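# Secondary and tertiary structure notes
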Amino acid sequence: MPSTTNVLDEARELVERRLADLDEERRRLERALAELGGKVKRSPGRPRGSASRTSTKAPTGAPKKRRRRRGGTRADQAVELITSQPGISASDVAKTMKIKPNYLYRVLGDLEKEGRVKKDGRQYYPAG
């Protein structure tokens, strides 16, 4: 009777070979589609040619690069809008910012706790 590790190794190799075959077939089909003038759809995941999982990575503890948003954060944008239009309602702020009101209510609640805006009924004012 074969050992368990041997059976697992053989099964793993079979799956890897089949995946390689499928990858090659996909590449051939994408080339054929491109030659026929069709648009090749990319599957989710890593782009072709990118580094593999075992490639060199940033050292542990290295800061991650983050993209900065243009115009500041949503909170900053809301405060700017409330400052320029004191007494504006949350729904009007959301419409102007083109975001959903339920998200803005959370942002405004945090701004209230931080003391950056004040709420009076349904109207928001800049904190003085």
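Scroll up for the structure.
Everything in this summary refers to the structure shown in the same document. Note that the structure is predicted; figures quoted are calculated from it, not measured.

Another point: the pattern of salt bridges. The tally for this structure, following the rule as stated, stands at seven salt bridges. Here Glu24 makes a salt bridge to Arg31, at a shortest N to O gap of 4.0 Å. For Glu24, a relative accessible area of 29% gives the class partly exposed. Residue Arg31 is classed as partly exposed on the basis of its relative accessible area, which comes to 45%. Residues joined in a network through salt bridges with shared partners are Glu24, Arg27, Arg28 and Arg31.

A word on helix α3 (residues 90–97). Within α3 the residues assigned to the buried category are Ala90, Val93, Ala94 and Met97. The buried residues of α3 occupy an angular sector of 100° when the element is viewed end-on, so they sit on one face. Elements in contact with the buried residues of α3: α2 (74–84), β1 (88–89), α4 (101–114) and β3 (123–126). Just beyond α3, the residue with positive phi is Lys98, at close to 60°.

By the bridge criterion, two bridges tie β1 to β3 in an arrangement that is antiparallel. Within β3, the position partnered with Ile88 by the bridge is Tyr124. Bridge count for strand β2 (residues 117–120) against β3 is four bridges, and the pairing is antiparallel. Looking across to β3, one finds that Val117 is bridged to Pro126. The hairpin turn running from β2 into β3, its antiparallel successor, is two residues long, and Gly121 in that turn takes a positive phi close to 70°.

Rules behind the numbers
- Residues numbered from 1 in each chain as written.
- Predicted model: local features only at pLDDT ≥ 70, side-chain atom pairs only at ≥ 80, totals over all residues.
- Heavy atoms only, no water.
- Salt bridge = Lys/Arg side-chain N within 4 Å of Asp/Glu carboxyl O.
- Buried < 20%, exposed > 50% of the residue type's maximum accessible area, 1.4 Å probe, protein only.
- Helix = DSSP H or I, 4+ residues; strand = E, 2+ residues; numbered from the N terminus.
- Arc of directions from axis to C-beta.
- Contact = heavy atoms within 4.5 Å.
- Pairing = 2+ DSSP bridges.

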